[in-house]
Structure formats: C-alpha cells, structure tokens
Amino acid sequence: MDGAMPARLGAVIFVAIAATAAVLEMSREEKAPEPSPIRTVEAERHPLRDAQRRCQQLGEAAAQDAACLKVWAQTRDRFLGRPAPDEGR
C-alpha cells in the first residue's frame, strides 16, 4: 500500500460522515417557537390629546377656533417645557 490509498480511504470516510450528517440535519423537524404572551398596556388618555384630535378633524376651520388656538398654545408650551399658565410660577 502506498501513501495515496490511506488518504483516499480517509477522504471517502469523511465524505460518508458528512453526507450522513447532512441527511440527518435535513430530515429533522424543527419545532416552532412558542409565542410569548404579550401584555398590552393602554396608555392613560390625556384631555389635551382629545382636544388636538378634535382640532385636527376641523381642518382649516381650526385656525379660527378659539378653543383650538388655546389647545395649540398648551401643546407648544408642553413641548417647550414651559409651565402651564394655570400652574403656579
């Protein structure tokens, strides 16, 4: 026996083991992961948000509505971090 024969035999054994492992992996059935329970938390409704929605639905007429102008001022103050006029300064 020369040196090439054991190398060929080793290669054939390696290919046979690799093919067997591939067939076993392909025949395995994967289990679908169980969905984790999702907790839904409803955000607290803010009255300013409801007023903003009402003004949004008014469309262009909201620009002439005094209540909407007040809501926009409150929203702007809240965004900029200014204290509300009804809070103590």
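Preceding block: the structure.
Rules behind the numbers
Every chain is numbered independently, its residues counted from 1 as its sequence is written. Per-residue local features of the predicted model are confined to residues with pLDDT of at least 70, and side-chain atom pairs are confined, for both listing and counting, to 80 or more; whole-chain, interface and lining totals are unaffected and use all residues. With hydrogens and water stripped out, all remaining heavy atoms of the structure feed into the side-chain values. Criterion for a salt bridge: a side-chain nitrogen of Lys or Arg within 4 Å of a carboxyl oxygen of Asp or Glu. Each residue gets one of three labels from its accessible area relative to the maximum for its type: buried under 20%, exposed over 50%, partly exposed in between, using a 1.4 Å probe on protein chains only. Note on definitions: angles span 0 to 180 degrees between N-to-C directions of axes, and those axes are lines fitted to C-alpha atoms, for helices only across the stretch in contact. In this text, helices come from DSSP runs of H or I with a minimum length of four residues, and strands from runs of E with a minimum of two, each type numbered from the N-terminal end. Relative orientations are named as follows: roughly parallel for angles under 35 degrees, roughly antiparallel for angles over 145 degrees, roughly perpendicular for angles from 65 to 115 degrees, and oblique for any other angle. The crossing is said to be left-handed when, going from far helix to near helix, the turn is anticlockwise and less than a right angle, and right-handed when the turn is clockwise. Note on contacts: a residue pair is in contact if any heavy atoms of the two residues lie within 4.5 Å. Residue type decides the class: Asp, Glu, Lys and Arg count as charged, Ala, Val, Leu, Ile, Met, Phe, Trp, Tyr, Cys and Pro as nonpolar, and the leftover types, Gly among them, as polar. In plain terms, two cysteine sulfur atoms within 2.5 Å form what is called a disulfide here.

Participant: An account of the pattern of salt bridges is needed here, citing residue identities and associated values.
Facilitator: As enumerated under the stated definition, the model contains four salt bridges in all. In this structure, the salt-bridge partner of arginine 28 is glutamate 25, at a minimum N-O distance of 3.4 Å. Arginine 28 sits in the exposed class, given a relative accessible area of 56%. A salt bridge links arginine 82 to aspartate 77; the nearest nitrogen and oxygen atoms lie 3.2 Å apart. Assessed through its relative accessible area of 46%, arginine 82 is described here as partly exposed. With a relative accessible area of 15%, aspartate 77 lands in the buried category.

Participant: Give a description of the packing of helix α2 (residues 47-58) against helix α3 (residues 66-80) that names residues and reports values.
Facilitator: In contact at an axis separation of 10 Å, α2 and α3 are set at 130° when each is read in the N-to-C sense. Between α2 and α3, the angle is such that the two are oblique. Between α2 and α3 lies a crossing whose hand is left-handed. Within the contact between the two elements, α2 uses Leu48, Ala51, Gln52, Arg54, Cys55 and Leu58 and α3 uses Ala67, Cys68, Val71, Trp72, Gln74, Thr75 and Arg78. Across the contact of α2 with α3, the residue classes break down as eight nonpolar, three polar and two charged.

Participant: Account for the state of the cysteines, naming residues and giving values.
Facilitator: By the definition in use, this model includes one disulfide. Bridging cysteine 55 to cysteine 68, the disulfide has an S-S length of 2.1 Å. Disulfide cysteine 55-cysteine 68: torsion about the S-S bond near -105°, hence left-handed. With cysteine 55 in helix α2 and cysteine 68 in helix α3, this pair connects stretches of sequence that are 13 residues apart. We classify cysteine 55 as buried; its relative accessible area is 2%.

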